[in-house]
Amino acid sequence: MSPALTLPDGRRLALNAAPLLMGVVNVTPDSFSDGGMLKSAEDAIVHGERLAAEGADIVDIGGESTRPGHATIDAATELARVLPVIAGVAARTNVPISIDSYKAEVAEAALRAGASIVNDVWGCQRDPAIAGVAARLGAPLILMHNRDTIDPEIDIFDDTLRFLERSIAIATAAGVPRSQLVVDPGIGFGKTPEQNLALIRDLGRLAELGCPILLGASRKSTIGLVTGRTIPAERLAGSIAAHLYGIMRGAAIIRAHDVAPHVDAIKIWTRIGATS
C-alpha cells in the first residue's frame, strides 16, 4: 500500500509521486504576506473555496500570525477567528482542512469543527498537549522546526534534525503513529537567508527522520531578498522555483499561497518526470 495520511473520517491522503498542495488561508490582521486581506469570515470561506477549486489538496487555516515580531493572541481570540471559517469551508468543500496552530485548545476545537490535520509551527514544543489531541482524535500532525532567535553560526541542519527528533518523540509518546507525522524545516522561522536556502538545497537530508517532508517557502523574505521583490505577493516565480527544487529533493507536500500556478507547475514537473 502506498504511503498515506489517514484522516479522522477515514479518508486517506496518498503521498505518491506528485506532491500534495496545501493552500493558505490566513484569518489574521498581521500575517507577513496577506494579513488583513480577508476582512470577514465569509471572505475567508470564499477564499478557501477558491483554493479548493484551483486544486488544493489541503486548505490550511490559521488565526495567529507567525511572522517575525508578531503579537501573540490567546486561544479564545484565535478560536473566534478560525472556527467560523473552518465550519464554512468544511460545509462547502470536501477538501481536508488543517488548523495552523501550536495551541492544544485551538487544535482540539478546530478538529471538532471540521478540520482534519494539525499543523504546529512549534512541533509540539510550545504546548506538548497538542500531540495528545492529535492522537486522541486521529489527526495527522505536521511538526515544524522553529527558533526564537537567529544564529548564523549554528549548523542549521543539525539544529533542525535534533529539534524535529524531539518533536517526533513527543508526538509518538502521546500516541500519534509515526505514519501520521510530517516534518517541515520551517523556512523563514528563526533562520538567516543563507540557512533557508541551505535547507531547501539539501532538503533530502531530512529523509533520515523517516517522515514525509512539507516545504513552505511561499512568498518568504528570502525569496524577496534573492529576487529583489519587496512585495510578498510578487514573489510567485521565486516561490515556484524554490518549491520545484524542493520537490526534486523529496518534498511530499507544498504549502503555497498561490495554488493555481503551483498546480500548473507541478503538472509539468510530473509529466516531464513521467516521460524521462
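Here the residue index of a chain counts from 1 through its sequence in written order. Residues qualify for local features only when their pLDDT is at least 70, as the model is predicted, and side-chain atom pairs are given and counted only at 80 or more; totals for whole chains, interfaces and linings, by contrast, use all residues. Hydrogens and water are ignored here; the side-chain numbers use all heavy atoms of the structure.

Draft legend 1. Representation of the packing of aromatic side chains. Only the six-membered ring of Trp is used, alongside the rings of Phe and Tyr, when aromatic pairs are assigned; centres must lie within 6.5 Å, and planes under 30 degrees apart are stacked while those over 60 apart are edge-to-face, with the rest tilted. Scanning all chains against the criterion turns up 0 aromatic pairs. Seen from the ring of Trp122, Arg126 lies directly overhead, with NZ or CZ sitting 3.7 Å from the centre. Between Arg205 and the ring centre of Phe157, over which it is positioned, the NZ or CZ distance is 4.2 Å. Here, over-ring charges are defined by two tests on the NZ atom of lysine or the CZ atom of arginine: distance to the ring centre within 6 Å, and angle to the ring normal within 35 degrees.

Draft legend 2. Local environment of the confidence of the model for the chain. Looking at the chain, pLDDT values average 94 and 93% of them are 70 or higher. A score between 0 and 100, pLDDT records how confident the predictor is in each residue. Contacts are assigned to residue pairs with any non-hydrogen atoms lying within 4.5 Å of each other. A low-confidence stretch, residues 30–35 stays under pLDDT 50, and its non-local contacts, those more than four residues away or across chains, total 22 contacts.

Draft legend 3. Local environment of the packing of helix α3 (residues 104–113) against helix α4 (residues 129–137). Contact geometry of α3 with α4 gives a least axis separation of 8 Å together with a crossing angle of 20°. Viewed along their axes, α3 and α4 adopt a mutual orientation that is roughly parallel. You can see that α3 and α4 cross each other, and the crossing is right-handed. Residues Ala104, Ala107, Glu108, Leu111 and Arg112 of α3 form the contact with α4, whose participating residues are Ala129, Ile130, Val133, Arg136 and Leu137. Axis lines are fitted through C-alpha atoms, for helices just across the contact stretch, and the angle between N-to-C directions can take any value from 0 to 180 degrees. Elements are defined by DSSP. Helices are runs of H or I of four residues or more, strands are runs of E of two residues or more, and each kind is numbered from the N terminus. An angle below 35 degrees is read as roughly parallel, one above 145 as roughly antiparallel, one from 65 to 115 as roughly perpendicular, and any other as oblique. When the near helix sits turned anticlockwise from the far one by under a right angle, the crossing is termed left-handed; a clockwise turn instead gives a right-handed crossing.

Draft legend 4. Up close: empty space enclosed by the protein. Both site types are read off a 1 Å grid over the protein atoms alone. A 1.4 Å probe that fits but cannot get out defines a cavity, while an open set with protein on both sides within 12 Å along at least five of seven lines defines a pocket; lining residues have an atom within 4 Å of a point. Grid points are joined across faces, edges and corners, and a volume is the space filled by probe spheres set on the points. If you walk through the whole model with that rule in mind, you get 1 cavity of 30 Å³ or more. Each pocket or cavity is described by its volume, and for the largest cavity that value is around 30 Å³. Surrounding the largest cavity, Glu64, Thr66, Glu78, Asp100, Ser101, Tyr102 and Val121 form its lining. A breakdown of the residues in the lining of the largest cavity according to their chemical character gives 2 nonpolar, 2 polar and 3 charged. Classes in brief: Ala, Val, Leu, Ile, Met, Phe, Trp, Tyr, Cys and Pro nonpolar; Asp, Glu, Lys and Arg charged; the others, Gly included, polar.

Draft legend 5. Inspection of helix α2 (residues 75–92) at higher detail. An expected span of 1.5 Å times one less than the residue number is assigned to each helix. Compared with the 26 Å implied by 1.5 Å per residue over 18 residues, the 25 Å span of α2 between its first and last C-alpha is a close match. Taken as a whole, α2 carries its principal kink of about 30° at Val82; the proline Pro84 stands between one and four residues after it. Partly exposed describes any residue whose relative accessible area lies between the buried limit of under 20% and the exposed limit of over 50%, with all areas from a 1.4 Å probe on protein chains only and scaled to the type maximum. Every buried residue of α2 is listed here: Ala75, Glu78, Leu79, Val82, Val85, Ile86, Gly88 and Val89. Its buried side turned inward, α2 meets β3 (20–26), α1 (41–54), β4 (58–62), β5 (97–100) and α3. The angle between axes fitted to the seven residues ending at a residue and the seven residues starting there is what we call the bend at that residue.

Draft legend 6. Local environment of the packing of α1 against α2. The contact between α1 and α2 brings their axes to 9 Å, and the two run at 40°. On the basis of the axis angle, α1 is oblique to α2. α1 and α2 meet at a crossing whose hand is right-handed. Only Pro84, Val85, Gly88, Val89 and Arg92 of α2 make contact with α1, whose side of the interface consists of Ala41, Glu42, Ala44, Ile45, Val46, Gly48 and Glu49. For the contact of α1 with α2, a count of residues per class yields 7 nonpolar, 2 polar and 3 charged.

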